[in-house]
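Residue strings, one per chain:
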Amino acid sequence: MPGPDKETDLTERVEAFLSDLKRGGSGAGPLRGSAETARETTALLRKITAQARWSSAGDLMEIIRKEGRRMTAAQPSETTVGNMIRRVLKIIREEYARSRGSSEEADQQESLHKLLTSGGLCEENFRQHFAPLKANVIEAINELLTELEGTTDNISMQALEHIHSNEVIMTIGRSRTVEAFLRDAARKRKFHVIVAECAPFCQGHEMATNLSKAGIETTVIADAAIFAVMSRVNKVIIGTQTVLANGGLRAVNGTHTLALAAKHHSTPLIVCAPMFKLSPQFPNEEDTFHKFVSPHEVLPFTEGEILSKVNVHCPVFDYVPPELITLFISNIGGHAPSYIYRLMSELYHPEDHEL
Amino acid sequence: MADSGVTDGYEKKGDIERAKSEGKELTKEEKQRLRKEKKQQKKSKEKKDDKVIQESGKETRGDSSAASPPQPSSQSTAQKAPSAVPPPVSVPAPEAPTPADKPAKSKAELKAERRARQEAERASKQSKKGDPGPQGAVSKSKAATNELQPVVKRLPEHIQVDNPDVLKKLAKKLERQQIPLRLDYGYKVSLFSHLHQYSRKAPLTQQLSIPSTVIHPAIVRLGLQYSQGIVAGSNARSVALLHAFKQVIRDYTTPPNEELSRDLVNRLKPYISFLNQCRPLSASMGNAIKYVKKEISNIPSQCKEEEAKHKLLKCIECYIKDKIILAATAIAESSIEKISDGDVILIYGCSSLVNHILCEALEKNRKFRVIVVDSRPRLEGREALRRLVQRGISCTYVLISAVSYILPEVSKVFLGAHALLANGYVMSRVGTSQIALVAKAFNVPVLVCCETYKFCERVQTDSFVSNELDDPDDLIVTRNGHTQLENWQQEPSLGLLNLVYDVTPPDFVDLVITELGMIPCTSVPVVLRVKNVDQ
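Rules behind the numbers
Residues numbered from 1 in each chain as written. Chains lettered and ligands numbered in written order. Predicted model: local features only at pLDDT ≥ 70, side-chain atom pairs only at ≥ 80, totals over all residues. Heavy atoms only, no water. Helix = DSSP H or I, 4+ residues; strand = E, 2+ residues; numbered from the N terminus. Buried < 20%, exposed > 50% of the residue type's maximum accessible area, 1.4 Å probe, protein only. Contact = heavy atoms within 4.5 Å. Areas by Shrake-Rupley, 256 points an atom, 1.4 Å probe, with all protein chains shown as cover. Axes fitted to C-alpha atoms, helices over the stretch in contact; angles between N-to-C directions. Parallel < 35°, antiparallel > 145°, perpendicular 65-115°, else oblique. Left-handed = near helix turned anticlockwise from the far one by under 90°. Nonpolar A, V, L, I, M, F, W, Y, C, P; charged D, E, K, R; others polar. Buried area = accessible area lost by both parts, 1.4 Å probe. Salt bridge = Lys/Arg side-chain N within 4 Å of Asp/Glu carboxyl O. Polar contact = N/O pair within 3.5 Å; in protein donor to acceptor, adjacent residues only side chain to side chain. Domains from an automatic or database assignment. 1 Å grid on protein atoms, 1.4 Å probe; cavity = no way out; pocket = protein on both sides within 12 Å on 5 of 7 lines; lining within 4 Å. Points joined across faces, edges and corners; volume = space filled by probe spheres on them. Expected span 1.5 Å × (residues − 1). pLDDT = per-residue confidence, 0-100. Pairing = 2+ DSSP bridges.

Before going further, it helps to examine the overall build of chain B. Secondary structure assignment for chain B yields 19 helices and 13 strands. Looking at chain B residue by residue over its 535 residues, the buried ones come to 49%. Considering only contacts within chain B whose residues lie at least 6 apart along the sequence, 77% involve residues at least 24 apart. Taken as a whole, chain B presents about 27500 Å² of accessible surface, with 54% of it coming from carbon and sulfur.

All names here are of chain A. It is at 10 Å that the axes of helix α4 (residues 79-100) and helix α7 (residues 133-149) come closest, and there the two elements cross at 140 degrees. As judged from the angle between their axes, α4 and α7 are oblique. Helix-helix and strand crossings are classified by hand; for α4 and α7 the assignment is right-handed. On α7, the residues touching M84, R87, V88, I91, I92, E95, Y96 and S99 of α4 are L133, N136, V137, A140, I141, L144, E147 and L148. In terms of residue class, the contact of α4 with α7 is built from 11 nonpolar, 2 polar and 3 charged.

In many analyses, interface size is given as the accessible surface area lost on bringing the parts together. With 51 residues of chain A at the interface, the matching set in chain B holds 49 residues. Taken together, both faces of the contact between chain A and chain B bury some 4300 Å²; the carbon and sulfur share is 63%. The tally of links between chain A and chain B comes to 3 salt bridges. Where E297 of chain A meets R479 of chain B, a salt bridge forms, and the shortest distance between an N and an O atom there is 2.9 Å. Viewed at the interface, chain B and chain A are joined by 23 residue pairs in polar contact (both at pLDDT 80 or more). Listed by contribution, the elements that provide at least two residues to the side of chain A that touches chain B are α11 (204-213), β3 (217-221), α12 (226-229), α13 (255-264) and β8 (310-312) of chain A.

So, on to the domain arrangement of chain A. Residue and element names in this part refer to chain A. By the assigned domains, chain A splits into domain 1 (2-107 + 125-146) and domain 2 (154-350). Computed from C-alpha coordinates alone, the two centres of domain 1 and domain 2 are separated by 29 Å. For the domain 1 and domain 2 pair, buried surface summed over both sides reaches about 1600 Å², with 53% attributable to carbon and sulfur atoms. Area buried by domain 1 at its contact with domain 2 is led by S77, R87 and K90, which between them contribute 29% of it. Counting the contacts that link domain 1 with domain 2 gives 0 salt bridges.

Next up on the list: empty space enclosed by the protein. Residues and elements named next belong to chain B. In this structure the tally under the stated criterion is 8 cavities of 30 Å³ or more. As a volume, the second largest cavity reaches approximately 140 Å³. Around the second largest cavity, the lining is made up of 18 residues, and of these S375, R376, R378, R429 and V430 lie nearest the centre.

What follows concerns the packing of helix α10 (residues 217-227) of chain B against helix α11 (residues 234-250) of chain B. Residue and element names in this part refer to chain B. Interaxial distance between α10 and α11 falls to 9 Å at its minimum, and their mutual angle equals 165 degrees. By the angle class used here, α10 and α11 are roughly antiparallel. By crossing handedness, the relation of α10 to α11 is classed as left-handed. Contacts from A218, I219, L222 and Y226 in α10 reach R237, A240, L241, A244, F245, Q247 and V248 in α11. Within the contact of α10 with α11, the residues separate by chemical class into 9 nonpolar, 1 polar and 1 charged.

With that settled, consider α4 of chain A. In an α-helix there are 3.6 residues to a turn, and that puts residues three or four apart on one side. Residues and elements named next belong to chain A. In this model, α4 (22 residues) spans 32 Å end to end at C-alpha, consistent with the 32 Å of a helix rising 1.5 Å per residue. Across the 22 residues that make up α4, a large majority, 18, are buried. Directly beyond the C-terminal end of α4, a positive phi value near 100 degrees is found at G101.

As a further point, take the confidence of the model for chain B. Residue and element names in this part refer to chain B. Summing up the model confidence of chain B, the mean pLDDT is 80 and the portion of residues at 70 or higher is 77%. Note that pLDDT drops below 50 for residues 1-9; the model gives that stretch 9 contacts with residues more than four away or on any other chain. Every residue in residues 57-101 is under pLDDT 50, and counting partners more than four places away or in other chains gives 37 contacts.

Taken as a whole and judged by the stated rule, the model has 35 salt bridges over all chains. For E206 of chain A, the salt bridge identified is with R174 of chain A, shortest N-O distance 3.0 Å. You can see E206 of chain A sitting in helix α11 and its partner R174 of chain A sitting in the loop between β1 (168-172) and α10 (176-186), a full 32 residues away along the chain. A relative accessible area of 30% places E206 of chain A in the partly exposed class. Where D343 of chain B meets K412 of chain B, a salt bridge forms, and the shortest distance between an N and an O atom there is 2.7 Å. Remark: K412 of chain B occurs in strand β4 (residues 412-416) and D343 of chain B occurs in strand β1 (residues 343-348); sequence separation between them is 69 residues.

Before going further, it helps to examine the environment of A43 of chain A. Note on placement: A43 of chain A falls in helix α2 (residues 34-51). Overall, the relative accessible area of 24% leaves A43 of chain A in the partly exposed class.

This brings us to the sheet that holds strand β9 (residues 317-320) of chain A. Residues and elements named next belong to chain A. Read across the open sheet, the 3 strands follow the order β5-β6-β9; overall the sheet is antiparallel. The sheet terminates laterally at β5 (242-243) and β9, the two strands that pair on one side only. Two elements, β5 and strand β6 (residues 249-252), share 2 bridges in a ladder whose sense is antiparallel. By the bridge assignment, T242 is partnered in β6 with R250. With respect to the sheet, α13 is in contact with β6 and β9, its orientation differing from that of β9 by roughly 30 degrees.

With that out of the way, let us pick up the pairing of strand β7 (residues 446-449) of chain B. Residue and element names in this part refer to chain B. Residues of β7 alternate between two faces, with V446 and V448 on one and L447 and C449 on the opposite face, all of them buried. Bridging between β4 and β7 involves 4 bridges; their strand directions are parallel. Within the sheet, the bridge partner assigned to G416 lies in β7 and is C449. Of the strand pairs in this sheet, β7 and strand β12 (residues 511-514) are connected by 3 bridges, and their pairing is parallel. Counterpart to C449 in the pairing with β12 is I513.

This is the structure in structure tokens:
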């Protein structure tokens, strides 16, 4: 029978993805970029939608939520997985609403007036069965996938609006988005880039070699020299791992120092972040915010005599408050940090914030 | 000028011949006038030569060619001015004893007066004109010393690497002192093209012949220790320098017909150039050298050699004891008042003074724990960590990129300094200003500990104009068997920057603890003034 085979095939795919997530997130930085993770997650969700057994939208949402919880538990720091799941859930709600005939705006507006007068949304239990729902949802997920493919290009296209000639730009660590952004600008303009190697993983070295191969004048500095050279920098352009719900960032360690130095010298701080990095998390969740890796990177085992008597920390992420950020550049354009909450309400449904 | 000199000479000659014909001896004044006239003619000829040289090529005018004409010309101006006075005074004198020759005398007198006036005018014109270079400098410097202090000092050589004239002068000086010139290495970032950048793999001592007769072996050893980073840290470098000087003084013998006070200072000059080539001198070393040179030149000339050497050795020992060791004890006493039980103290890198303070605080039974922050590529914090752990202080260790993660736990930040500048800025290891910045953002007090012998009269506002560039290859790291920056020299647009120092603005620093007390950063010039008055 085709059913059970498809099911086992599906569960195999999901298990493979989970183990990949668990392995990929340990230690030496993400082995795969966030864009790839987002694409794989969305493809997997499309497969689940196509092959799993469900009769109504509510069933589908339950299945996706269950799988989603497992995926986020496998690698909590990889927030793009959770973001994609919430996007797909929102798509399902929209498609359901469209099939039912009610307008989309009515669902989205959650003004206090509506909450009081409508008497709650209890009747919305997604139990009705619509035949074309499956096809619509899969089509919408395909659109999402094409959007994901074009994010880096959309961001790089805006490069020339922000970089003029003879500038000195500073960046930290390695971000594929920022690399593409700077390479696109370098085709038409001449400027200088300073890269802060990001100890202990020193991903800045790879970024610098890639940029210099594209013909950009690059300098590598140690993390300790960030404030010393900041007075000669015109702009700071960085990437990030996650954009939080309050407009802050969860970025690679050392970014908070960079942001403070930029603020002190009144240098604009520009964050290149595609929309799939936007997460409804807030930074107050201390136990899930920080991620630590083996302290061997910081104090190697060769220092054996003192290792046992010393506490060594090696955090991977830093929190950057929204007051230090000047501009977000995403695939749908540029925004101020104060606008992030609005984008959040367009992308995700508030009931999906907690999977 | 030349014409007037000729006519003047003609007049003088006429007068002198007349005097001769009258059977009188040439008076002193007339002899002086003859001499003057000859000198004038010589000088006008030399001036013409000078002008020709200037027009042909300015660069070829070295020190030697400029040195000779100023000497006689300055002497002649000096002579002319006073000598312009005696003739009008002495001329009326001969008039009195010989009234019989009145008409001839009066003519001669008139002529002498005219000549005297002309000479006086010429002298004043020359001093006003200011002859090219040296004479002008002589009069200008006379004017300048009347003011408070010479305003513009000579720029040090090590921050003018982009000026080819300065490099040529340095090369000539080193050749004269028989010290090899160290070459720059690698691609220099354009913002720092005015600084030297040396490679650790090419120490200066490789170019020296063995045995070196010019440089004392203790100094050669010290230079190698500096350039390889074996002796690092401003206190350690100063103490090592003073010990090496003590050795030099012990082995020194005054050559015949020389004075110890002058010859020893000249002997030390090539050693200092050599050490400067190995690694640029620090502010504390500069102050120590100034002190030693002053003590040497203050040795009275009738002092016997043995006595003088003994005195110098004692002076150096006193300096080390007072300015470094006792100062550290005094600073530790003041700082311990600032450490309370339950404190979490953050330190950066390896400062001998801060380590001393923490060990003393432990002995006084204060309960605290320490967070050591370290940075690539020097990783000096590991040394501090070892010393503190051996004493039994509980420590945490992080890299500088994690400082905003760890700072919410910290109650105080203790920093060491390389030098304190006269405008209140703190010059210290690169990364110090960053830690002060983040501490300020989290409202954590920042205390800087510094002895007064590190106070410096320089002023600086950013970390670019005067800094030290270390070997750029230090930034290369091998991870997982892969060295990303291995071939950085082949990439034409890639540069590595390894800064050694940076300056911290005074608004990030809350307190400076010195042996004179606890002062704010802005009181540094006051301390410097008090020290100068004392000396």
